[in-house]
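Letter by letter, the chains look like this.
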Amino acid sequence: MTRLAKLPIGIQTFAKIREDDYAYVDKTPLVHTLIEEGNYYFLARPRRFGKSLLISTLQALFEGRKELFTGLDIEDKWDWGIQYPVIKISFGGVARSLEDMKQDVGNILEENQRRLGLSCKNPQDIGGCFKQLIWEAQQKYGQKVVILVDEYDKLIVDNLDQIEVAKQGREVLKDLYSIIKDSDEYIKFAFLTGVSKFSKVSVFSGLNNLKDISLDSRYATLCGYTQHDLETVFAEHLRGADMERVRQWYNGYNFLGDRVYNPFDILLFIDSGQIFDNYWFATGTPTFLIKLIRKNNYYIPKLDNLRVSKGLIDSYDIEDIELEPILFQSGYLSINHVEQTDFGTEYSLKFPNREVAISFNDVIVRYLTGSGNNLPTKKELLTSLKQGDLQQFENTLTGVFASIPYTNYVNNTIGSYEGYYASVVYAYLASLGLDLTAEDVTSKGRIDLTVKLGNRIYIIEFKVDGEGRALEQIKARGYHHKFQGTGKDIYLIGIDFDSEQRNIAGFEWEKG
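Residues numbered from 1 in each chain as written. Predicted model: local features only at pLDDT ≥ 70, side-chain atom pairs only at ≥ 80, totals over all residues. Heavy atoms only, no water.

**Q** What's the story with the pattern of salt bridges in this structure? I'm lost.
**A** Pairing between side chains of opposite charge can happen when the charged atoms of each approach one another. In the structure shown here, the tally under the stated rule is 26 salt bridges. The partner of Glu67 in a salt bridge is Arg65, and the shortest N-O contact between them spans 3.6 Å. Classification of Glu67 by relative accessible area gives exposed; the value is 51%. When the shortest N-O distance is used, the salt bridge between Glu171 and Arg170 registers 3.7 Å. Taking relative accessible area as the criterion, Glu171 reaches 33% and is therefore assigned partly exposed. What makes Arg170 buried here is its relative accessible area of 8%. (Salt bridge = Lys/Arg side-chain N within 4 Å of Asp/Glu carboxyl O. Buried < 20%, exposed > 50% of the residue type's maximum accessible area, 1.4 Å probe, protein only.)

Below, the structure written as C-alpha cells:
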C-alpha cells in the first residue's frame, strides 16, 4: 500500500513541505509567469488561503534553493546560477498600540539584518534602516534585491475596532513601503500580500507601479486549491468522499478564474476523517463585522445576492468603513457572476459555500435574537419545511420572536427598523444551508424570499404593520407564476409582523 503524503496543516514554510514529504500543489507555473511579466505585485486573499506559503516559495526560488524545486514545473526554467538577496517582511503577532507596531517593524528589520549579515546605523529610523538594507544588500551580494511582504496590512486590520490606532498603523506602514519606490534602481522584484486594500491616503501612495493581481483571471488560482488539485494531488486522501458535497461545502471562492477551495478547509476535512464542519470559519469570529451590521441596521437578506461596483469591493477607507468591501475581501462573500453595464463592471456577490453561509448566519442569528442555542429551533424549521408543515413553521417562528429577550430591543436599535423581522427569518433559514434567493426578481416585482427544498418551493413575503396584505401581494403580482410548470409544489406564504407586539400578527398561506 502506497503511503499517503503528509498533510501540511499549519505549515507555511516551503522548505519544510518539500524536505519532509508533505503534499504540495505546484504553483510554480504561475510564479514563473509572474516573475517573467512584471516586477511589482500586490495580491489580496482572505486569511488561511496560502499567502504565507506563496511568499516562502518565492523566497526559496530567488535564493536559488534548487534542491527544493526538484520535479516541479519551474525546475528546468529557472537560472539557478543566480542567487538574489531577499528582504522578507512578515507580520506575525498582534500589535495594539503605536509603540508595539514600531517595535514589531524594528524586530522584522533586525531579523533581516542578521540573515543578510548587515547592520543598520540607526535601527530606530524605520524608513532609513529599510533603505540602508536595500542598498547595502545590493552592494554586498552583487544582485538586485527581492522584497517580499506577507500580510502587509496586518497592523491596520488588527486595529479596525480602534480607528485612531489603525490610522497610526497606516502611517507606520506608509513610511516603510514608500522606501520601495525610492529604491527602484536596486530592486529586482517586489511582492506584497494582504487581506485588504485601502483607498484614499493609501499605504501604497506613490507606489504607482505596483500591479494589483487580486482580480486578475490569469492568477485566480495562485492561492487556493482547484477542483483539479483535489482530483490529483489529494485524490487518495479523498477516496470515498462525497465530492459533490465537498464542493458545496468548501468550493466557491471566485477571483474571476477557476473557483477555488480554501486549503485550510480541505486539509482539516481530510485530517478529521472527512467530517463536514466549519474549519475555516471557526478560526476567526467576525466580531468587527457584527459591529458594522449593528451600526448600520443592515438588511441581512441583501447578502444573498449583493450587487456592487468594482470600486466598492476594490478598496475601502478606514475613516468611513463600509460593510460590503470587508465582507468580500475577508472571504465571507465571493463573486457569483460579473456583468458589464453602462456604468462599468458590476459584481454579484454571494456566500461562497455552505460552510460560510451556515456559520456566518449562525452568528447573525445569535446577534439578532440574543439566543445562544439555536439548534432545536433550526431542527424544527427544517423539519417543517421538509414536510410542508406550515402550521409548525408558523409556530416555530412565533416562538423565535417570543423568546427574544426584551433587553435585546432595549440595548440596541435592531428592532426599530422594518428589515429586522425579515432578517431574523432569513438568517435562520440561511443557517440551515438551504437554497435561498432574497429579493428574487420577477416581471412584476421582487419576491422577498424564495426557498427551494426538495420537491417544494416556498415564496415568502414579509410586511410590518401592513394590515395583513403580505399574501395578497404575492397573488396580486403573480410571484409564483415563474415557478409553475416546474413540477414542484409551490407554497405562497404571507407573514405580517406587528412592531408593537414584536411578533407575527398574521400568517397566511396557500398552495400556488
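Moving on from the coordinates now.
**Q** Sorry, what's going on with unusual backbone geometry here?
**A** The phi torsion of most residues other than glycine is negative, and most of the peptide bonds are trans. Unusually for a residue other than glycine, Arg48 sits at a positive phi of about 60°. Of note, Arg48 is situated in the loop between β1 (40-44) and α3 (51-62). Overall, Arg48 belongs to the partly exposed group, its relative accessible area being 41%. Despite not being glycine, Gln274 shows a phi value in the positive range, around 65°. (Helix = DSSP H or I, 4+ residues; strand = E, 2+ residues; numbered from the N terminus.)

**Q** Even after reading the chapter, I still don't get the state of the cysteines, so can you show me in this structure?
**A** In total, this model carries one disulfide according to the counting rule given. The disulfide bridge from Cys120 ends at Cys129, spanning 2.0 Å between sulfur atoms. Taking the sign of the S-S torsion, about 80° here, the bridge from Cys120 to Cys129 comes out right-handed. No difference in accessibility class separates Cys120 from Cys129, as the two residues are buried. (Disulfide = S-S within 2.5 Å.)

**Q** I tried to follow the side chain of Asn262 on my own but got confused; where do I start?
**A** Mapped onto the elements, Asn262 comes out in the loop between α9 (243-250) and α10 (263-271). Engagement of the side chain of Asn262 in a polar contact is seen with the backbone oxygen of Arg48, the distance being 3.5 Å. A distance of 2.8 Å separates a polar atom in the side chain of Asn262 from the backbone nitrogen of Phe264. Contact partners of Asn262, with chain neighbours within four places excluded, come to Arg47, Arg48, Phe49, Tyr250, Tyr253 and Trp280. (Polar contact = N/O pair within 3.5 Å; in protein donor to acceptor, adjacent residues only side chain to side chain. Contact = heavy atoms within 4.5 Å.)

**Q** What is the right way to look at the packing of aromatic side chains in this model?
**A** Any aromatic ring pair is given by two values, namely how distant the centres are and how the planes are angled relative to each other. Per the counting criterion, the structure on display carries 34 aromatic pairs. Taking the centre distance of 5.6 Å and the plane angle of 80° together, the rings of Phe62 and Tyr84 count as edge-to-face. With a gap of 22 residues between them, Phe62 in helix α3 and Tyr84 in the loop between α3 and β2 (86-90) connect regions that are remote in the sequence. Both residues of the pair, Phe62 and Tyr84, belong to the buried class. Through successive ring pairs, a cluster of aromatic residues spans Phe14, Tyr24, Tyr41, Phe62, Phe69, Trp78, Trp80, Tyr84, Phe189 and Phe191. The side chain of Arg48 reaches across the aromatic face of Phe264, ending 4.3 Å from its centre. When the ring centre of Phe276 is taken as reference, the NZ or CZ atom of Arg245 above it lies at 4.2 Å. (Phe/Tyr/Trp six-rings, centres within 6.5 Å; stacked < 30°, edge-to-face > 60°. Lys NZ or Arg CZ within 6 Å of the ring centre and 35° of its normal.)

**Q** How should I be thinking about the sheet that holds strand β13 (residues 503-511) in this particular structure?
**A** Consider a sheet: its strands pair through backbone hydrogen bonds, and that pairing is either parallel or antiparallel. If you trace the five strands from one edge of the open sheet to the other, you get β9-β10-β11-β12-β13, paired in mixed fashion. Each of the sheet's edge strands pairs with one partner strand only, and the pair in question is β9 (435-442) and β13. Averaged over all pairs of adjacent strands, the angle between their axes in this sheet comes to 25°, without regard to strand direction. Inspection of the sheet shows strand β11 (residues 456-464) paired to strand β12 (residues 489-498) by nine bridges, in the parallel sense. Residue pairing for β12: Ile460 is matched across the bridge by Ile493. Contacting β10 (445-453) and β11, helix α15 (residues 375-387) crosses the sheet at an angle of about 120° to β11. Across the face of the sheet, helix α16 (residues 390-403) comes into contact with β11, β12 and β13 while running at roughly 165° to β13. (Pairing = 2+ DSSP bridges. Axes fitted to C-alpha atoms, helices over the stretch in contact; angles between N-to-C directions.)

**Q** I keep staring at the environment of Gly485 and nothing clicks. Help me out?
**A** In this fold, Gly485 is placed in the loop between α19 (470-477) and β12. For Gly485, a relative accessible area of 84% gives the class exposed. Gly485 sits 264 residues away from Thr221 along the chain, and the two C-alpha atoms are 40 Å apart.

**Q** Any chance you could explain α9 here in plain terms?
**A** Among all positions in α9, only Val246, Trp249 and Tyr250 are buried. Mapping the buried residues of α9 onto a view down its axis gives an arc of 70°, with all of them on the same face. Gly252 occupies a position one or two residues after α9 and carries a positive phi of about 115°. (Arc of directions from axis to C-beta.)

**Q** Before we go on, may I ask you to explain the nonpolar core in this structure?
**A** Buried together is how nonpolar side chains tend to be arranged in soluble globular proteins. Formed by 149 residues in total, the largest nonpolar core has its most connected members in Phe130, Ile147, Phe191, Leu222, Phe360 and Leu429. Looking at this core element by element, the count peaks at ten residues for helix α18 (residues 419-430). Of all hydrophobic cores here, the second largest spans 21 residues; its members include Phe234, Ala241, Val246 and Phe264. (Core = buried A, V, L, I, M, F, W, Y, C linked by side-chain atoms within 4.5 Å.)

**Q** Is there a simple way to explain the sheet that holds strand β5 (residues 211-212) in this structure?
**A** The sheet built from five strands is open, its strands ordered β2-β3-β4-β1-β5 with parallel pairing. In this open sheet, the two edge strands, each paired with only one partner strand, are β2 and β5. With five bridges connecting them, β1 and strand β4 (residues 187-194) associate as parallel partners. Within the sheet, the bridge partner assigned to Tyr41 lies in β4 and is Phe191.

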